[in-house]
Amino acid sequence: MVSWKTALLGMCILIWTSPLASGNSMNGGYGLHYVGSAWTLKQGHMTVKAQSRFFGKVSPNSAVTVWDVQGALSVNYGVSDHLEMQVAPIIYQDSHKGKGGKGYNLPDDLFLSLKLGSYRLKNSSLAYGFMLQTRFPTAKYHNVVFEPYSAGTVSWGLKAMGTYSRDPLYPEDNLNAYLNLGYYNHNDVGQRLSEDQNLDSIKVSSMSQEFTYSLGISFPNAEFDFSLELHGNAFIQRPPKQTAYSLENYAYLTPGISYRVTRWLAFNFGADFRISSNNDESLYYFDHKIHGMPNYPAWRINLGMKMQILPTEVFTISEKDILIKKAESRRELFEQIIREQRETESAEEELERIKNERQKAERELERLRRILEGDYQRPDEEKKENEPIE
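Read on for a plain summary of the structure. As the structure is a computational prediction, the values presented were derived from the model and not from experiment.

Reading the values: the criteria
- Residues numbered from 1 in each chain as written.
- Predicted model: local features only at pLDDT ≥ 70, side-chain atom pairs only at ≥ 80, totals over all residues.
- Heavy atoms only, no water.
- Patch = residues over 30% accessible without salt bridge, like charges linked within 9 Å, V, L, I, M, F, W, Y side chains within 5 Å.
- Areas by Shrake-Rupley, 256 points an atom, 1.4 Å probe, with all protein chains shown as cover.
- Salt bridge = Lys/Arg side-chain N within 4 Å of Asp/Glu carboxyl O.
- Helix = DSSP H or I, 4+ residues; strand = E, 2+ residues; numbered from the N terminus.
- Buried < 20%, exposed > 50% of the residue type's maximum accessible area, 1.4 Å probe, protein only.
- Pairing = 2+ DSSP bridges.
- Axes fitted to C-alpha atoms, helices over the stretch in contact; angles between N-to-C directions.

With that settled, the discussion passes to a nonpolar patch on the surface. On the surface, Val79, Met85, Val87, Leu112, Leu114, Leu132, Phe136, Val154, Trp156 and Leu158 cluster together into a nonpolar patch covering about 770 Å² of accessible area. Taken together, the elements giving at least two residues each to the nonpolar patch come down to strand S3 (83-95), strand S4 (110-120), strand S5 (126-136) and strand S6 (155-165). Mapping Leu132 onto the fold places it in strand S5. According to the relative accessible area criterion, Leu132 is partly exposed, its value standing at 40%.

It is worth spelling out the pattern of salt bridges at this point. Under the definition given, this model contains seven salt bridges. Among the ionic pairs, Arg135 bridges to Asp108, the shortest N-O distance being 4.0 Å. Pair noted here: Arg135 is in strand S5 and Asp108 is in the loop between S3 and S4, with a separation of 27 residues, a long-range link. The two residues Arg135 and Asp108 agree in class, both being buried.

Once that is clear, we can look at the sheet that holds strand S11 (residues 265-274). With antiparallel pairing, the 12 strands of this closed barrel are ordered in space as S1-S2-S3-S4-S5-S6-S7-S8-S9-S10-S11-S12. Looking at each pair of strands side by side, their axes are set apart by 20° on average, direction ignored. As paired strands, strand S9 (residues 224-237) and strand S10 (residues 251-260) are joined by nine bridges and run antiparallel to one another. Across the sheet, residue Leu230 finds its bridge partner in S10, namely Leu253.

Attention now goes to the pairing of strand S2 (residues 65-80). Here strand S1 (residues 46-58) runs beside S2; their pairing, made up of 13 bridges, is antiparallel. Across the sheet, the residue bridging to Val48 is Val75, located in S2. Turn length for the S1-S2 hairpin, with the two strands adjacent in sequence and antiparallel, is six residues. Of the strand pairs in this sheet, S2 and S3 are connected by 10 bridges, and their pairing is antiparallel. Looking across to S3, one finds that Tyr77 is bridged to Met85.

Given below as structure tokens:
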């Protein structure tokens, strides 16, 4: 039984961290910080994830501290056993803008996602799914330095997701390996990215598009889950160099750890380390160039928490009840395996019957052909003809 003090502490932490949560790549359902799982939440289940991501460094060319802070909240709900919906607003975005710079975004952009998943290959530990994501430009400022490219338009992406689970019945309790491959379209043709009046004539002439990828592995334990992720992008069509900041390809390696306080509350920690090059290919002038900073941070820190709020019985169910439910679920799995085996045997018998019927039909067709050619003998005549001569 979880005490009211623990529940109150979890709610307070959730409210406190909400304005400082993660960025546009945050995954709020099953999975890791950035890479999502092909498994969907069960019908009627809801989780809330709040996470902060930040970076700060003293400029090598001056005494100025350059920073980037971003936050988001992700709410995931299982509409059915194969359909999951995610609402993920970037609540806060603030990057160092220097002299003459603009202010922060509160709120920033909003992401809506639908995931079809929990499809498992027959008699396999592999599952697959697909996600459709849409970004709505609810922020005041876009094309933000130190963050992935955004154009201030309604953009969209598609993602294919694969997951290997050592225990398919309870994937969150055992080793998992993930792979996500996606395509993102920024829908930015004709968009002006600069606030500078001298650059009014420079607009996006070709649709900015990119390929995204992420893969990871998790090692769950009794209380701590350890993970390692690799995620990045590759532009298919880059935005204009004259007005866009983040037009280079990037790749980050993210080790992480999650501490499960209770069945419904966990705290997350991760660190992003950029493994891609330090190139700055944009021509757009900004103070961070003076400070000798690239368009992507060399590192970032992720802090957050994840909380399950539906079904409400998760707050009161005992360990004994959980074990009973797991046993019942495993019995259902075994029964499903037996049914699939019987269906396979029945299918083999059906194939054998069809094979025999086809052979009979072929013999009938051969007799019909001989009748049409005038060379038909009755079966008794065929037998008599084939008898040896004494």
